[in-house]
Amino acid sequence: MKNIIKTAFVFWVYLLAHQTDAQNTVSGVIKDTEGNPLVGATIQIEGTTSGTTSDIEGEFLLPINGKSTVLVINYIGFITQRIQANAGLVLEVLMEEDIEALEEVVVVGYGTVRKSDLTGSVGSIDTKEVKKLATVDINRAIQGKVAGVQVTTNSGAPGSGTAIRVRGIGSFGNSNPLYVVDGFLTGDISNISPNDIETMEVLKDASATAIYGSRGANGVIIISTKKGLKKGIEVDLNTYTGFQSAWNTIEMLDAPTYALAYLESRGGRISDIDPSLRYWVQNSGTGTDWQNEVLQDAPISMVDVSIRGGYKKLRYKVGGSFFSQDGIVINTYGKRYQGSVDLDYQVTDRVSIAAGVKYSVNQWTPYDNGLYSSVLGTALRKDPITTATDPVSGDWFRTNLTDLPNPARRAYEQQFRFQESVRIQPSISVSYEIIDGLTFNSNANWDDRVIDGYFLNPSNVTVERDEDGSIVRNPNESTNNIFYNRTQNELEVFQLTNTLNYTKKFGKHSINALVGLESFERTNINRSFAITPDTLYSVRYRDLDTFDPNLLDDFHEDVREIADREDLNPDRERAFNLLSYFARAVYSYDDRYLLTATVRRDGSSKFSPGERWGTFPSFSAGWNVDQEGFFPKNKVLSGVKLRAGWGQVGNSEPIAPYQFLSILAGGWAYPFDNESGTDGFAARFLPATTIRWETSETSNFAADLFLLDDRLTLTAEYYVKTTRDLLVNSNFVPSPVFAGANAPTTNAASMQNDGVELTLDFSQQVKDLSFSVGGNISFIDNEVTSLGAGERLEGAGYEPKIILPITRTEVGGEFASFYGLQTLGIFQTQEEIDAHGSQPRASPGDVKYLDADDDGAITSEDAVFLGSPIPDFTYGFYLNASYKSIDLSAAFTGTHGNEIANIFTYYNAGASATINNLTQERWDNRWTGPGSTNTDPRVTDQPTTNDIFSDRYIEDGSFMRLRNVQIGYTLPSKLVSKLKIKSARIYVSADNLLTITNYSGFDPEVGLAFNGDPFGNGVDLGNYPQARTIIIGTNIKF
Amino acid sequence: MKYRFLVICFLLTFSFYSCKDFLEVEPTTEVTELDFFETVEGAQQAVNAIYDPLNWGGVVSPLGLGGHSYEFIIGDICTDDSEKGSIDADQIGISNLKNFTADGGTSNVFLLWEKHYIMIFRANLVLRNLTTATFDEQRKLQLEAEARFLRAYAYFNLVKIFGGVPLFDEPVSGDQIVEKDFSNAPIYSIYQQIDSDLSFARDNLPQRGVNEIGRANSGAAAALLARSYLYQLGTDNTNGHTWQELLDLTNEFISGAYGSYALASNYAMLFDTEGENNEESIFEIQSVDTGVGNFQLGPFVGSVWTVFQSPQDQGGWGFNTPNQDLVDTYESNDPRRHNTAIAIGEHAYGLPLESGPRNQTGYYHRKAILHPDEWNTEKGSGYNVRKIRYADILLMNAEAAYHTGNTAQAVQRVSEIRDRASQSTFPRGFDPMDPNGFTPTGFAPLDNSVIPTGGQNLLDFILDERRREFGMEQLRFWDIVRTGRHLDLMSSKYSISASLIEMHSITTTNRQTEDQVIVNPIPVFPIPSLEVADWGINQNPGY
């Protein structure tokens, strides 16, 4: 292990080759790797007793005998160094911390354990990797870095989120893991700068997460941020700037071809077309490439500064960053201002107090993902004959060939809508070492997040042409009304954690015991109001038709002023409390045998009093085989560790509070007396009187192998994770609309995930060249093992026009698999239709379906399994290399064997060009007569059954992506030291430079559909794709 | 000493949280069902919420099915009275419904399905809690009657549009959803519940004028019950209603048993903003423009109804345009034509009606055109949708009188309707020089001597009079269905194949109609496909 760590560190000895006047002396300065001088290091001449110690500046001067000697430099807690020294030289010695000597530790829940004592499944993330991506979303940065952790970006829109799955779908609700940031349990880490992260660990199995009890069901990611230094001062400056672009566009029909497609859709006779539309079919012009119209190359940049230092008993850190990006869809942007202060004061030898505050402001334009109205969606659907604006009047334009909003107008309006999240997170903690080894810790955290949404609907005029060519106002897309909506979502959390920790070593026995108590209170308040036009008109911009976008900021300020005067009574308040008791014991004997046991008891206000408490235990054991006498230590196999664990965790996260109560909410008004609305109260969902804790149980078996003198490490893990009583939140429980309310939240099902994870890392140094390669691969099997009383759950019925729901969850199958009709090609002739029998109303050129139940008709019962959004395996691999001052890295990530339901093909590869534009591929492959093709049906606007959900929508979602590639150059220290810079590096980096996939949509990374619906996993509704980003950046230390 | 500190620390923290109240978190902005029905005020608010869906018509919905759905899509457009309007590509689903080429994915019936079931759930929740509520019995009866009126209102629309649909008299339970324990109820059993709800409401609701305007009253319940009889008589009459029943009920109504109603003197005023809730109004959907957009479904109390149907150049989208066939049924001196189907070139509020790509019939729906001051394309208007007028009682009475042999009474009722029509002025602003005036027509009164004195001719005349009187008021579809004329009219006027209509109709043969009396074929519309695919109920025939 030791060697691994060594090589992971960058290690320099700079021989500054200038002679001093003094003969037969060496002098120099001793520093740690962060550049702080080390006081009192001993410098000894090897084989003698003569030596000296470094002074307050870390400097020393030592007379030597002869021209050359070997110096031995010692400092407690650092690795001893031997250095060849010639008389007259001035040395700069950088001492590397001896992690082993300090007992290399891993952060686990409520404390740390020595890495060698670790028995659970914990994946560490190299924090250097986190910084490489041009994003502030730390989740994106860990994609592909840890075996068993799948990260999917839901959307490339600025401000949008990611879906993280630790060992598969653990819940039907939010399956995102818990984050523990410096002891605070949270679901959102958007207020942390990637540069601030000191360590990052992923706890994967239940024996590791059980200490978090009901919070850790979907894995735990523990983040420690950088703190102050013992002494001195250090300034870090990181910056980058670059641009993003769409890596993929979809080939749609151009205007003249579209005109042909339109005519063919309408049956081929120009006289059958509305007189007002006929003109456009005959005079298509060059039209518009809508994707080109709404996509752009967008700038991205970041500046991050942190100052860390220490003075006497105080350690401090102050940091801040500014991140800004425009979206690749025009008029979208994201910005983040973020800052933090951390103070740590050693009151006495035994008592220390720490306090800190994190503050962040995120701003972004919320991207409308609606199938009908999204900018990219309409860009793929709108007829290409329409131009963005009418060339004569300058108003927005439409031809009415397709009944869709003008994509350019939709894009323009995005700038009038933005969201802003302001978050402040103070914390204070006290640590008191009562007696040696026994420490009391109390940690209080507040978290207040206010997310404001400012939505302006500007007035606009869209025109069309009359039969005689005159310009008329289009009523569907024009409005004189301006209205302004403001929504506010405030989230308040208070967490108090008290722990008592005892560590003791006697003889070969070592124990670490912990007991603790944690309370967690969370309140979520929604507020909203709409400003009436009258109020809005009192702002100075009366005419938004001629609105100058440069005035937008002023406008928002003005409206905010009005908004602040409005009464913001809560529309809805949701609160829940959690109370937890927990304990852990870690025992090790002679560093050979390791045992860990934890237990946590959680009470949640989300459950009725009878079901309120859950107890979640875990046990795990490890065996450091290489510590045994019989272990033949050799160069090939240098170490072996075996681990096994079992544990249970609970979960109440997927559900909203109060679900066990039948509640009525106001806001359903009716205007009696024909006056203003009188409020009415109604229930939106049925009560779930019997819900209880969702429980998952994991067994984990693992082996760690250290080979080739620890240069090669291999970890293999196998786990079985069984989740029972899966909670499904009311709005995701499928229910018939005729019930008139959402179904109750339920403990719907049981599910099993089992899998194998392999991680391999190899590093080597050959003279000036050092490199490391490695990767991880995770195989996962998912099976639904029970569904309670129901036979199956159907989901993702977003587009009723495709007649069938998209996913089915059945016992014995994978969760939310795709089910639809099986196609058998295209009917070529009437005889073929007659022979088939079950589609009597079909015409030649229509899709032929398999009558799976052979009942002579095509119905929902003919739906068959069409694939699963769950990959067979996911992987990531990397290469890092450095040669002298140049470093290079590349990281790949990918999935294999998953399917995507590309629902967007309903539109752009649909039945007819009268509703949407079509892809070139759809047009080229359409049926035009017997024998013409067997892949795509005829193009017609007559009602057909060709759009029913079938395998025509299913595509292979496998991909491999070069997530990041980076090349850097560290400037010679000679050069930079003149500028009082400790080190400086410049680099060029590219994200998503290369994506290998057969998927035809914008992006094969398809996360959860609408609102995070778990039943809509892998359903593509025309997602905002991820950008290809190329940046140039600097890392400078002062 | 040190240990003492430790003990104190722990005891303090544990005792602070040991009280179990920490885990009792009750909602603050919402109320539990148990608490809610303890007071009359709470129960009343729960009843208010049943009314709320009445004025939904836009594209959003709380349960996931969205689309533009309005009763007139079926009641007017799917008949020989009017055409879809707008351009062909816009809301093409409506054309498919009319031609019987639609499928269960057609969004133009979604909200008609959904909003009525939301009303039903809300009504059933109220009814379940009223049985155990402890407040004043009289108030309980009234609230129960209101809830049952609204439940019947919702089921009546459902059964007319979709035929046999799932029937509930209590809230759907979670177990039912898990077990998918659902089925289509036979039409007659839905009508049984409608009849029973409406009878109860008629007997227990106060007459109009007691409660706020817009609330159900005994007159509304009696009138809706009369309609229920009328439709059953011509469609599924397994429940064995008779014309005599309808005659008695409407006679009672006319005699003032359910409140005091009268024909408004000026037909033109009926559909003007000033005519809201007038002496002729039995039930109308209340709407107010409070500036709230129609996407905010709950607080929204406006109507998108007018926006959808108004002419393009008058702030609307130009749907539901009356056709020449309807216009031709009016005598030339009948002012109801101008008040129903206003022609291009004529004026409303002083503004000319213009031709354009969104009008292919030459006429606009005058009853939906708003004053320019009220044009509003986003929020809906404050225009009330008239649902039942006293004129309907009179014409139902005429039809019942005819069928029970009281032809003189039938002729009398028709004459009353025609006499009132003759008094009508032009609609507001017909004269461009007087944009706010109701200009007299100067027409000679309608000639009542043309009313046949008996036989089939009289019945035909009554039905034609209904068409003239209620043109564009969403009654035509069910009038031609219940009188057995739908198939002939639609196949002759629109060349829709008769077999296609039959395929989509409930008849004595194509449905399990044993022991059921199907008087005339009942064409039905597609049930939203996801409801059928998932929940064990049957799709309607032919879809």
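As the structure is a computational prediction, the values presented were derived from the model and not from experiment.

**A look at the sheet that holds strand E48 (residues 954-956) of chain A**
Right, on to step 1. The sheet built from three strands is open, its strands ordered E48-E47-E53 (chain A) with mixed pairing. A strand with exactly one partner marks an edge of an open sheet, and here the two such strands are E48 and strand E53 (1019-1020) of chain A.

**Things to note about the confidence of the model for chain A**
All names here are of chain A.
Right, on to step 1. Here chain A averages 86 in pLDDT, while 92% of its residues score no lower than 70.
Right, on to step 2. Within the model, the stretch residues 1-22 combines pLDDT values under 50 with 38 contacts to residues more than four positions away or in other chains.
Right, on to step 3. Below pLDDT 50 for its whole length, residues 538-545 participates in 20 contacts with residues either more than four positions away or in separate chains.

**So, the pairing of strand E31 (residues 593-604) of chain A**
All names here are of chain A.
Right, on to step 1. Judged from the twelve bridges that link them, strand E30 (residues 570-589) and E31 form a sheet pairing that is antiparallel. Residue pairing for E31: Tyr581 is matched across the bridge by Arg601.
Right, on to step 2. Taking the residues that link successive antiparallel strands as the turn, the E30-E31 hairpin has three residues, and the phi of Asp590 there is positive, at about 60°.
Right, on to step 3. Two strands pair when backbone bridges link them, and E31 and strand E32 (residues 613-624) are joined in this way by eleven bridges, in the antiparallel orientation. Note on E32: the bridge partner recorded for Tyr593 is Trp623.

**Some thoughts on empty space enclosed by the protein**
Right, on to step 1. Of the voids in this model, the largest cavity is the one considered here, and its volume is about 380 Å³.
Right, on to step 2. Around the largest cavity, the lining comprises 36 residues; the ones closest to its centre are A:Gln150, A:Thr152, A:Arg165, A:Pro869 and A:Pro871.
Right, on to step 3. A per-class count over the lining of the largest cavity returns 16 nonpolar, 14 polar and six charged.
Right, on to step 4. Looking at the lining of the second largest cavity element by element, the count peaks at four residues for helix H6 (residues 110-130) of chain B.
Right, on to step 5. Split into classes, the residues belonging to the lining of the second largest cavity amount to ten nonpolar, seven polar and three charged.

**Thoughts on the interface of chain B and chain A**
Right, on to step 1. With 102 residues of chain B in contact, the opposing surface of chain A contributes 101 residues.
Right, on to step 2. Carbon and sulfur atoms supply 63% of the area buried between chain B and chain A, which totals about 8700 Å² over both sides.
Right, on to step 3. Across the contact surface, chain B and chain A share four salt bridges.
Right, on to step 4. Salt-bridge contacts for B:Arg358 lead to A:Glu464; the nearest nitrogen and oxygen are separated by 2.7 Å.
Right, on to step 5. Viewed at the interface, chain A and chain B are joined by 23 residue pairs in polar contact (both at pLDDT 80 or more).
Right, on to step 6. Of all the elements in the fold, those that place two or more residues in the side of chain B that touches chain A are helix H1 (2-18), strand E1 (30-32), helix H2 (33-36), helix H3 (40-51), H6, helix H8 (174-179), strand E3 (281-285) and helix H22 (529-535) of chain B.
Right, on to step 7. Broken down by class, the residue content of the side of chain B that touches chain A amounts to 50 nonpolar, 30 polar and 22 charged.

**Here's the deal with the confidence of the model for chain B**
Right, on to step 1. Predicted confidence across chain B gives a mean pLDDT of 91, with 94% of residues reaching 70 or more.
Right, on to step 2. The ipTM for the predicted assembly is 0.94, set against a pTM of 0.83.

Quick notes on the rules
- Residues numbered from 1 in each chain as written.
- Chains lettered and ligands numbered in written order.
- Predicted model: local features only at pLDDT ≥ 70, side-chain atom pairs only at ≥ 80, totals over all residues.
- Heavy atoms only, no water.
- Pairing = 2+ DSSP bridges.
- Helix = DSSP H or I, 4+ residues; strand = E, 2+ residues; numbered from the N terminus.
- pLDDT = per-residue confidence, 0-100.
- Contact = heavy atoms within 4.5 Å.
- 1 Å grid on protein atoms, 1.4 Å probe; cavity = no way out; pocket = protein on both sides within 12 Å on 5 of 7 lines; lining within 4 Å.
- Points joined across faces, edges and corners; volume = space filled by probe spheres on them.
- Nonpolar A, V, L, I, M, F, W, Y, C, P; charged D, E, K, R; others polar.
- Buried area = accessible area lost by both parts, 1.4 Å probe.
- Salt bridge = Lys/Arg side-chain N within 4 Å of Asp/Glu carboxyl O.
- Polar contact = N/O pair within 3.5 Å; in protein donor to acceptor, adjacent residues only side chain to side chain.

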